[in-house]
Amino acid sequence: MSESPKTRASLILRLRRPGDEVAWAEFVEIYQPLIFRLAQSKGLQEADALDLTQEVMARVAKAIDRFDPNPDRGSFRGWISRITRNLVIEFLRSKHRRQITADDSSIQQLIESVPSPSDSQWFNFEYKRQLLFWAAEKIKDSFQETTWQAFWLSSVDQIDIDSVAKTLNLSKGAVYIARSRVMAKLKKKIEGQLDHPTSLQPGELS
């Protein structure tokens, strides 16, 4: 797994501006589903995962002015993942305090099983995948349906070019061209959210 891409500094700075709804919309669209999936992966039920996700968002909003964007101090993604991890641990402690005795070693075992998302391969992969979903949704309407389907079927669903061409009644060359056009715009959209180029691949959407 390649290094996880970093949130671009300009978005972080925009989040600090009062009333920048566009910046917060971008942040929520990219990070909220990721935090929710992380919470669910730790065994939280949907309602609890939703509550935890909202709490993470609230804490980020309150503390964003204190976040130092200097990369030597850690990444924005790592900061959010630590907030998420701490809240998951708080939830697990609270839940199991009601279910088992305080000296039960399974409490500590359960808490230790929650990985640090900043170092987690799962978190890195899910962050990259969420960026792809977000970017794909943003650019989809700028293409004709057939062009989009040629890209999606061949790149995301990874169906062979011959089958895609037959399904869409296109030549193989047209499928390649359609895929190339969408890939170029998708890459540009993704890299507009990052502070350095990335090697995200559409196949990671599947």
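All values derive from a computational prediction rather than experimental measurement.

1. Observations concerning the overall build of the protein chain
So, step 1. Within the protein chain, the secondary structure is distributed over nine helices and zero strands.
So, step 2. The linear arrangement of helices and strands in the protein chain, starting from the amino end, is α-α-α-α-α-α-α-α-α.
So, step 3. Residues counted as buried form 41% of the 206 residues belonging to the protein chain.
So, step 4. The long-range share in the protein chain, meaning contacts at least 24 apart out of those at least 6 apart in sequence, stands at 69%.
So, step 5. Working note: accessible area of the protein chain is about 11400 Å², and carbon and sulfur atoms make up 48% of it.

2. Thoughts on the packing of helix α7 (residues 145-156) against helix α8 (residues 161-168)
So, step 1. Running from amino to carboxyl end, α7 crosses α8 at an angle of 150°, the nearest separation of the two axes being 10 Å. Taken together, α7 and α8 sit at an angle that is classed as roughly antiparallel. You can see that α7 and α8 cross each other, and the crossing is right-handed. Counted together, Thr146, Gln149, Ala150, Leu153 and Ser154 of α7 and Ile161, Val164 and Leu168 of α8 form the full contact between these two elements.
So, step 2. Among the residues forming the contact of α7 with α8, the class breakdown is five nonpolar, three polar and no charged.

3. Focus: the nonpolar core
So, step 1. Within the largest apolar cluster, 41 residues are counted, with the highest numbers of intra-cluster contacts made by Tyr31, Phe76, Trp79 and Ile80.
So, step 2. Listing elements by their share of this core, those giving two or more residues are α1 (9-15), α2 (21-41), α3 (46-63), α4 (76-97), α6 (121-139), α7 and α9 (172-191).
So, step 3. In terms of residue count, α2 provides more of this core than any other element does, eight residues in total.
So, step 4. Counting seven residues, the second largest nonpolar core, distinct from the first, contains Ile161, Ala165, Val175 and Ala178.

4. Describing the packing of α8 against α9
So, step 1. Contact pair α8 / α9: the axes reach a minimum separation of 9 Å and the direction vectors enclose 100°. One way to sum up the angle between α8 and α9 is to call them roughly perpendicular. Contacts from Ile161, Asp162, Val164 and Ala165 of α8 reach α9 at Lys172, Val175, Tyr176 and Arg179.
So, step 2. Tallied by class, the residues present in the contact of α8 with α9 amount to five nonpolar, no polar and three charged.

5. Some details on the confidence of the model for the protein chain
So, step 1. Mean pLDDT over the protein chain stands at 78; residues scoring 70 or higher make up 71%.
So, step 2. Element-level pLDDT for the protein chain is lowest in helix α5 (residues 105-112), with a mean of 49, against a maximum mean of 96 in α8.
So, step 3. Counting contacts from residues 1-5, a segment whose pLDDT is below 50, to residues more than four positions away or on other chains yields 18 contacts.

6. A word on a positive patch on the surface
So, step 1. Taken together, the side chains of Arg181, Lys185, Lys188 and Lys189 present a region of like positive charge at the surface.
So, step 2. Relative to the helices and strands, arginine 181 is located in helix α9.

7. A few points about α2
So, step 1. Helix length check: α2, at 21 residues, gives a terminal C-alpha distance of 30 Å against a target of 30 Å (1.5 Å per residue), a fit within 8%.
So, step 2. Of all the bends in α2, the greatest, near 30°, is centred on tyrosine 31, and the proline proline 33 appears no more than four residues after it.
So, step 3. The complete set of buried residues in α2 reads Ala23, Glu26, Phe27, Ile30, Tyr31, Leu34, Ile35, Phe36, Leu38 and Ala39.
So, step 4. Looking one or two places after α2, you find glycine 43, whose phi comes out positive at around 95°.

8. Structural notes on unusual backbone geometry
A negative phi angle is the norm for most residues apart from glycine, just as the trans form is the norm for most peptide bonds.
So, step 1. The phi angle at glutamine 158 is positive, at roughly 55°, despite the residue not being glycine.
So, step 2. Structurally, the position occupied by glutamine 158 is in the loop between α7 and α8.
So, step 3. Of note, asparagine 169 is a non-glycine position whose phi angle comes to about 60°, a positive value.
So, step 4. Locating asparagine 169 in the fold gives a position in the loop between α8 and α9.

Rules used throughout
- Residues numbered from 1 in each chain as written.
- Predicted model: local features only at pLDDT ≥ 70, side-chain atom pairs only at ≥ 80, totals over all residues.
- Heavy atoms only, no water.
- Helix = DSSP H or I, 4+ residues; strand = E, 2+ residues; numbered from the N terminus.
- Buried < 20%, exposed > 50% of the residue type's maximum accessible area, 1.4 Å probe, protein only.
- Contact = heavy atoms within 4.5 Å.
- Areas by Shrake-Rupley, 256 points an atom, 1.4 Å probe, with all protein chains shown as cover.
- Axes fitted to C-alpha atoms, helices over the stretch in contact; angles between N-to-C directions.
- Parallel < 35°, antiparallel > 145°, perpendicular 65-115°, else oblique.
- Left-handed = near helix turned anticlockwise from the far one by under 90°.
- Nonpolar A, V, L, I, M, F, W, Y, C, P; charged D, E, K, R; others polar.
- Core = buried A, V, L, I, M, F, W, Y, C linked by side-chain atoms within 4.5 Å.
- pLDDT = per-residue confidence, 0-100.
- Patch = residues over 30% accessible without salt bridge, like charges linked within 9 Å, V, L, I, M, F, W, Y side chains within 5 Å.
- Salt bridge = Lys/Arg side-chain N within 4 Å of Asp/Glu carboxyl O.
- Lys, Arg positive; Asp, Glu negative; His and termini not counted.
- Charge placed at Lys NZ, Arg CZ, Asp CG, Glu CD.
- Expected span 1.5 Å × (residues − 1).
- Bend = angle between axes of the 7 residues up to and from the residue.

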